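An overview of the molecular structure
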Amino acid sequence: MTPPPALEVAGLAYAYPDGHQALFGVDLTVERGERVAVLGPNGAGKTTFVLHLNGILGGGAGTVRVAGLPVEKPNFAEIRRRVGIVFQDPDDQLFMPTVRDDVAFGPAAGGMRGPELEACVQRALARVGMAEYADRPPHHLSFGQRRRVAVATVLAMEPDLLVLDEPSSNLDPAARRELAETVRSLDVTVLMVTHDLPYALELCPRSVILGGGLIVADGPTKELLLDAELLAAYRLEIPFGFDPGRA
Amino acid sequence: MGAGHTHKLYRHGVSRVHRLPAHVKLVAAFCFVLVVVATPREAVWAFGAYAVLLAAVVGAARVPPGFVLVRLVLEVPFVAFAVLLPFVAEGPRTEVLGLWLSESGLWGAWNVLAKGTIGVAASVLLAATTELRALLLGLQRLRMPALLVQIASFMVRYGDVIADELRRMRIARESRGFTARGPRHWGVLARTAGALFIRSYERGERVHLAMVSRGYTGTMPVADRAGTTAAQWSYAAALPLAALAVCLLGWSLV
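1. A few points about helix H5 (residues 76-88) of chain B
All names here are of chain B.
- Here H5 spans 19 Å end to end across 13 residues, near enough to the 18 Å set by a 1.5 Å rise per residue.
- Looking only at H5, the buried set comprises Val79, Ala82, Leu85 and Pro86. Buried residues of H5 fall within an arc of 85° about the axis and therefore sit on the same side. Every exposed residue of H5 that faces more than 90 degrees away from the buried side is listed here: Pro77, Phe81, Val83, Leu84 and Val88.
- For H5, the elements touching its buried residues are strand E1 (93-96), strand E2 (99-102) and helix H6 (103-129).

What follows is the structure in structure tokens.
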């Protein structure tokens, strides 16, 4: 029997309590080990979509399954272990007094203790190249370091699906490259939400475009980026001087 | 890890006092302050004895005395009130340096000043020898309500973030030619405070989302559970017990 896909979203629709409808029936399947970019302009419903993947938002139509497990209340603890979301602002993500405590937070909430927890923290920090910063308070790190620690906080939970929300925002080119290297070195399914098209091309062989609360395009990243008409229709733009055909 | 990685009240060091578990130190400092507060104010010598006891702890912790003395300054706004007491209190008056001051007011001022100073010195010493994170864990181990510990821990984590946000807002204001001069500009400052409140509130919501995403269900996991030995408790008890002896002597002599 083939294992279920890492992520299966079917007919997902959601309206905020104030009546604003953000998602109109999203369908998306991501296979294990894939790296997929979700592209879309500001306000396309990207963050709303992400918050459905671990059940923070819900109650609308449609279903979400993570490695076969439906995202429903009785499964939330397991779902939140399986889905690691790295939020856009690392200061929101890193809320404990030291890096070590923060990385330990997720596994400890899942019941891990003692030397096993410490080994797990060290492993996660090593995977993002931040092992020597365990005892620092997060606010003494640079922005790029904080973002990598934020990635470690969810890696410590050994997620099946790593979700990165605008991972390249506010990073200088070196930090951007370091994060890309980190992401590429991980053996995990990645869903990357962004409007940074070169970054999507660099990291994700496949992309989907989320526009007006629907998946409007799905294909190899390069093909999507070469379709100028499609990009223009959804307010996506290739930065000046960048040629996806030659990248 | 140098001082740059910790808070300003902490002084990194290696001593028996530094090594004591935080919750043991918290209990010792709390009991010491209770005993000091319970001492009769007329037993003036007793407060000198307390100061000597604290000085002994400063010595044992190898904290430079100047480090503690400078930090005592943070008491000043709180004791300003004590200075007023001799002028406003009722009762018989006595002459001090040409001023007619209330006797009970003078005793009241002395009471606030002496007990306040000893209490603040004990707290500064506790903070100088204990890292913030350890203090929070100590409070947690002492069964302080988890919610209060969490609030304190978030204050520690986000104090700098919010101060930085405020600084950026001030720079943005000043870059557009605004400098606060007098009450006419208080409106702008009030709006800044309002904006900061809303930003912090929204950040709180985002932090909560991030916590729930990582399995938060209302309690913070306690990471370390190192045991405490009887020797550590008895070493820490030396300060409050010595103070208790002074206090009892004070009551029997008054």
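2. Considering the packing of helix H2 (residues 22-37) of chain B against helix H3 (residues 44-61) of chain B
All names here are of chain B.
- Where H2 meets H3, the axes come as close as 11 Å, and the angle between the chain directions of the two elements is 165°. By the angle class used here, H2 and H3 are roughly antiparallel. Of the two elements, H2 crosses H3, and the hand of that crossing is left-handed. Residue-level inspection shows Phe32, Val35 and Val36 of H2 in contact with H3, the latter providing Phe47, Tyr50 and Leu54.
- Here the residues of the contact of H2 with H3 are counted per class, giving 6 nonpolar, no polar and no charged.

3. Structural notes on the domain arrangement of chain B
- Looking at the assigned domains, one finds that chain B contains domain 1 (3-139 + 226-253) and domain 2 (145-213).
- Distance from the C-alpha centre of domain 1 of chain B to the C-alpha centre of domain 2 of chain B: 33 Å.

4. Concerning the side chain of B:Glu165
Residue and element names in this part refer to chain B.
- For Glu165, the position within the fold is in helix H8 (residues 146-175).
- For Glu165, a relative accessible area of 7% gives the class buried.
- In this structure, Glu165 is in contact with Leu196, Arg199 and Arg203, ignoring residues within four places of it in sequence.

5. Focus: the interface of chain B and chain A
- Contacts between the two partners involve 24 residues from chain B, matched on the other side by 33 residues from chain A.
- Summed over both partners, the interface of chain B with chain A buries about 2600 Å², with 59% contributed by carbon and sulfur atoms.
- On the surface where chain B and chain A come into contact, there are 6 salt bridges.
- Summed over the shared surface of chain B and chain A, the result is 12 residue pairs in polar contact (both at pLDDT 80 or more).
- Residue assignment for the side of chain B that touches chain A shows that the elements contributing at least two residues are helix H7 (132-141), H8 and helix H9 (186-213) of chain B.
- Counting residues per element, the side of chain B that touches chain A draws most heavily on H9(B), which supplies 8 residues.

6. Some words on the sheet that holds strand E4 (residues 63-66) of chain A
Residue and element names in this part refer to chain A.
- Taken together, the 4 strands give an open sheet; going across it, the order is E2-E1-E4-E5, and neighbouring strands pair in antiparallel fashion. Since the sheet does not close on itself, it has two edges, and those belong to strand E2 (21-30) and strand E5 (69-70), each with one partner.
- Across 4 bridges, strand E1 (residues 7-15) lies against E4 in antiparallel orientation. By the bridge assignment for E4, Leu7 is matched with Val66.

7. Thoughts on the environment of A:Val99
Residue and element names in this part refer to chain A.
- The topology assignment puts Val99 in helix H4 (residues 99-109).
- Given the relative accessible area of 0%, Val99 is considered buried.
- C-alpha of Val99 to C-alpha of Met130: the two residues are 31 residues apart in sequence and 9.4 Å apart in space.
- If sequence neighbours within four positions are ignored, Val99 has contacts with Leu125, Tyr133, Ala134, Arg136, Pro138, Leu141 and Val149.

Definitions and cut-offs
- Residues numbered from 1 in each chain as written.
- Chains lettered and ligands numbered in written order.
- Predicted model: local features only at pLDDT ≥ 70, side-chain atom pairs only at ≥ 80, totals over all residues.
- Heavy atoms only, no water.
- Helix = DSSP H or I, 4+ residues; strand = E, 2+ residues; numbered from the N terminus.
- Expected span 1.5 Å × (residues − 1).
- Buried < 20%, exposed > 50% of the residue type's maximum accessible area, 1.4 Å probe, protein only.
- Arc of directions from axis to C-beta.
- Contact = heavy atoms within 4.5 Å.
- Axes fitted to C-alpha atoms, helices over the stretch in contact; angles between N-to-C directions.
- Parallel < 35°, antiparallel > 145°, perpendicular 65-115°, else oblique.
- Left-handed = near helix turned anticlockwise from the far one by under 90°.
- Nonpolar A, V, L, I, M, F, W, Y, C, P; charged D, E, K, R; others polar.
- Domains from an automatic or database assignment.
- Buried area = accessible area lost by both parts, 1.4 Å probe.
- Salt bridge = Lys/Arg side-chain N within 4 Å of Asp/Glu carboxyl O.
- Polar contact = N/O pair within 3.5 Å; in protein donor to acceptor, adjacent residues only side chain to side chain.
- Pairing = 2+ DSSP bridges.

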